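Okay, here's what each chain looks like letter by letter:
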Amino acid sequence: MPSQPLQPTRVRFAPSPTGRPHLGGGRTALYNYLLARQTGGAFILRIEDTDQKRYVPGAVEELISSLRWMGLDWDEGPDVGGPHAPYHQTERREIYQKYARQLIESGHAYYCFCPTPKEDEGSEPGDRRQHREICPDRDLSLEEADARISSGESHVIRFRMPFEGRITVSDAIRGDITVENSTLDDYILVKSNGLPVYHLAVVVDDHLMEITHVIRTSEWLPTLPLHGHIYKAFGWEQPIWVHPSIFLKPDGKGKMSKRDAQALLSEGKSIFVGDFKEMGYLPEAVVNWMALIGWSYDDKTEFFTLEELIDKFSLEKLSPAPAAINFSKLDHFNGLHIRELDPADLAERIKPFFEKAGYQVDDIDKLQQIAEALQIRLTTLDEAPEKAGFFFQDEIHPEPETLIGKKMSAAESLEMAQRIHKLIASLPDFSEETANQPLRDLAVELGLKAGHIFGFLRNAITSQKVSPPIFETMTIIGRETVLKRIEAAIAMLERMAEEA
RNA sequence: GCCCCCAUCGUCUAGUGGCCUAGGACACAGCCCUCUCAAGGCUGAAACCGGGGUUCGAGUCCCCGUGGGGGCACCA
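The structure presented is a predicted model; accordingly, all values stated were derived computationally and were not measured.

A count of helical and extended segments in chain A gives 20 helices and eleven strands. Taken against the 2.2 N^0.38 rule, which gives 23 Å for 500 residues, the C-alpha radius of gyration of chain A at 32 Å runs more than 25% over that of a compact globule. Its C-alpha atoms give chain A principal-axis dimensions of roughly 105 × 50 × 35 Å. Looking at chain A as a whole, 50% of its 500 residues are labelled buried.

Take the sheet that holds strand β3 (residues 109-112) next. Remark on secondary structure: sheet strands pair via backbone hydrogen bonds, oriented parallel or antiparallel. Strands sit in the order β3-β4-β7 across an open sheet of three strands; the sheet is antiparallel. Edge positions in the sheet fall to β3 and β7 (188-190), since each has one partner strand and no second. With strand direction ignored, the average angle separating the axes of adjacent strands in the sheet is 40°. Here β3 pairs with strand β4 (residues 156-159) via four bridges, running antiparallel. Across the sheet, residue A109 finds its bridge partner in β4, namely F159.

The next point concerns the environment of P222. Along the chain, the position of P222 falls in the loop between β8 (213-215) and α7 (224-234). Sequence spacing of P222 and V179 is 43 residues, and the spatial spacing of their C-alpha atoms is 9.6 Å.

Okay, the packing of aromatic side chains next. Within this structure, the stated rule accounts for 19 aromatic pairs. For the ring pair Y198 and W220, a centre distance of 4.1 Å and an interplane angle of 20° mean the geometry is stacked. With Y198 in helix α6 (residues 198-208) and W220 in the loop between β8 and α7, the pair connects residues that are 22 residues apart, well separated along the chain. Judged by relative accessible area, which is 18%, Y198 ranks as buried. Taken together through their ring pairs, the aromatic side chains of Y31, W295, Y297, F304 and F313 make up a single cluster. We note R132 situated over the ring of F163; from NZ or CZ to the ring centre the distance is 4.2 Å. Across from the ring centre of F113, 4.1 Å away, lies the NZ or CZ of R148, which sits over that ring.

Turning next to the domain arrangement of chain A. Once the domains are mapped, chain A shows domain 1 (10-88 + 245-329), domain 2 (92-242), domain 3 (341-392) and domain 4 (400-499). The gap between the C-alpha centroids of domain 3 and domain 4 is 24 Å. On the domain 4 side, the residues contacting the eleven residues of domain 3 number eleven residues. Summed over both sides, the interface between domain 3 and domain 4 buries roughly 870 Å², with carbon and sulfur atoms accounting for 65% of that surface.

The next subject is unusual backbone geometry. Residues A85 and P86 are joined by a peptide bond in cis, for which omega reads 0°. Position of P86 relative to the elements: it lies in the loop between α2 (59-70) and α3 (93-105). A positive phi is found at K407, a non-glycine position, where the angle reads about 60°. On the secondary structure map, K407 appears in the loop between α15 (384-388) and α16 (410-426). The exposure class assigned to K407 is exposed, which follows from its relative accessible area of 88%. A positive phi angle, near 60°, is found at S463, a position not held by glycine. Residue classification places S463 among the partly exposed positions, given a relative accessible area of 28%.

Membership of the largest hydrophobic core comes to 115 residues, with the highest contact counts inside it found for F276, I350, F354, I424, F456 and L457. Of all hydrophobic cores here, the second largest spans 38 residues; its members include Y87, Y96, A100 and V204.

The next subject is α3. In a regular helix each residue adds 1.5 Å, so 13 residues correspond to 18 Å; α3 covers 19 Å between its end C-alpha atoms and thus fits that length. Restricting attention to buried positions, one finds in α3 the residues Y96, Y99, A100, L103 and I104. In an axial view of α3, the angular spread of the buried residues amounts to 150°, which keeps them on one side of the axis. Relative to its buried face, α3 has exposed residues pointing more than 90 degrees away, namely E94, K98 and E105. Looking at the buried side of α3, the elements it contacts are β3, α5 (142-150), β4, β7, α6 and α7. Phi for G107, located one or two positions after α3, is positive at around 85°.

Take the pattern of salt bridges next. Applying the stated criterion across every chain yields a total of 33 salt bridges. For D260, the salt bridge identified is with K249, shortest N-O distance 3.4 Å. Here D260, found in helix α8 (residues 258-266), pairs with K249, found in the loop between β10 (247-248) and α8; they are eleven residues apart in sequence, far enough to count as distant. E284 serves as the salt-bridge partner of R349, at 2.7 Å between the closest nitrogen and oxygen. One end of the pair, R349, is in helix α13 (residues 343-356); the other, E284, is in helix α10 (residues 283-291), and 65 residues separate them in sequence. One network of salt bridges, in which partners are shared, links R12, R46, E48, R92, D205 and D206.

Attention shifts here to a negative patch on the surface. Judged by side-chain charge, D342, E372, D429, E432, E433 and E472 come together as a negatively charged surface patch. The residue E433 is located in helix α17 (residues 432-446) in this model. On the basis of relative accessibility, which here comes to 67%, the residue E433 falls in the exposed class.

Procedures and definitions
Residues numbered from 1 in each chain as written. Chains lettered and ligands numbered in written order. Predicted model: local features only at pLDDT ≥ 70, side-chain atom pairs only at ≥ 80, totals over all residues. Heavy atoms only, no water. Helix = DSSP H or I, 4+ residues; strand = E, 2+ residues; numbered from the N terminus. Rg over C-alpha atoms; globule rule 2.2 N^0.38 Å. Buried < 20%, exposed > 50% of the residue type's maximum accessible area, 1.4 Å probe, protein only. Pairing = 2+ DSSP bridges. Axes fitted to C-alpha atoms, helices over the stretch in contact; angles between N-to-C directions. Phe/Tyr/Trp six-rings, centres within 6.5 Å; stacked < 30°, edge-to-face > 60°. Lys NZ or Arg CZ within 6 Å of the ring centre and 35° of its normal. Domains from an automatic or database assignment. Contact = heavy atoms within 4.5 Å. Buried area = accessible area lost by both parts, 1.4 Å probe. Core = buried A, V, L, I, M, F, W, Y, C linked by side-chain atoms within 4.5 Å. Expected span 1.5 Å × (residues − 1). Arc of directions from axis to C-beta. Salt bridge = Lys/Arg side-chain N within 4 Å of Asp/Glu carboxyl O. Patch = residues over 30% accessible without salt bridge, like charges linked within 9 Å, V, L, I, M, F, W, Y side chains within 5 Å. Areas by Shrake-Rupley, 256 points an atom, 1.4 Å probe, with all protein chains shown as cover. Lys, Arg positive; Asp, Glu negative; His and termini not counted. Charge placed at Lys NZ, Arg CZ, Asp CG, Glu CD.

Next up, the structure:
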């Protein structure tokens, strides 16, 4: 058994509101949440909105609703408040400025008055020069810098990166990561608009909010040395760093781009958490599925509820390798979780899908029976109307040919239909126990296969070639409608027999 | 180009030196069950990237290749 952290952890999910929340973010939030709940710690939601240019209206709202849909809740955050408020970074501007100044006074950062590089300057990553090699302001005296600032000169604050030596930072799933300082640069900490860059804000906030474990995806690994340096410069203790791998496209070739995400949408798939509900996925299934991309429990168990994940999750079982997302596995999990549901619960969950398809659903008892019939047959909830819409239709219109049995004429089929009608009408109920044998006996009597009888009934009553088991179906539909539909089918057969 | 990370079936993974003729899951194929469709059961095909070490013994440790991924903004 992997050892579990005994101390309560304080973790956070800190997305930037620059787009729609996706699976990768969802999983990161989930892992943070799991660790917090497992240890009795705290899960914090923080909005990293220091880039106003990229801010997308409504992003925070969708973020919150997506996380809630997944079943997550947080102890501190923009919507619930908390002891470390505010939780929007743009509202914490003064805090960062104060700490940036501290860094400047301690010599770990400096004011830089260099002009903003032009868009097309050094566009090739290969020939980019280190800023610190060309910056004339690196060794400006603080007095001089302050004077230029008070005269209104535009400036940024840069970290003063050592030229010599190296830094080692430790990641919980990858071990020590060592980088030569010579490959680093004097990165910007505060922009000319006075707002911090991610690197400063994240370090200051994580420290102030007493974050013990930073769980974020591996795309942040390249900035880890910088963050380590900033912690050292402040003299603060670093959190435990955890960088789970990123998600790859289903084909395993690279991470999902905006374009790819768009293309997926046209295939009826999505990587946006907010889309899964209406695609008919259960949050339980999505959570179970995403938890297992990059994490495992043992060599057998794959089915987990949120509660079980809280219990079983462990940092040491996180995989360092990038993983492709696999939608067919999600379908599998969705089926599994649908089958786990209480039928009354399933009924409630499929109801909106019937309503969206235009069906009037007011008979809850009937809906529940339908849910029971559908339970082992659904992959996604949105399939319910197409599979079971006939239960709610006043009239159905079977294709006439489907009423004719295999290798049978219309006249023969008509005769069969009439006998079936007579038999059905005489039955006290349509349960399998009472209806099955008589129908089979009839088949024998008519020299037909049972399949002929059942096939006719299925098409006549559901107008579908596949449906839930016929006895269950007839029971739900009710005697009156069953007989009416058979009669309608007989009428169609009569017409066809005449024409023939 | 430079820096960093990673490497077991098509995919997600188990595996922490002998328990591995490498286990599970999805997908795929076949069979069984069967009123259709599912679900379920059984079976099958399917992998340790390559080369060097270390060791009595390597999927497991080390090195080098190769391959894949991420990053290199006054974005996060």
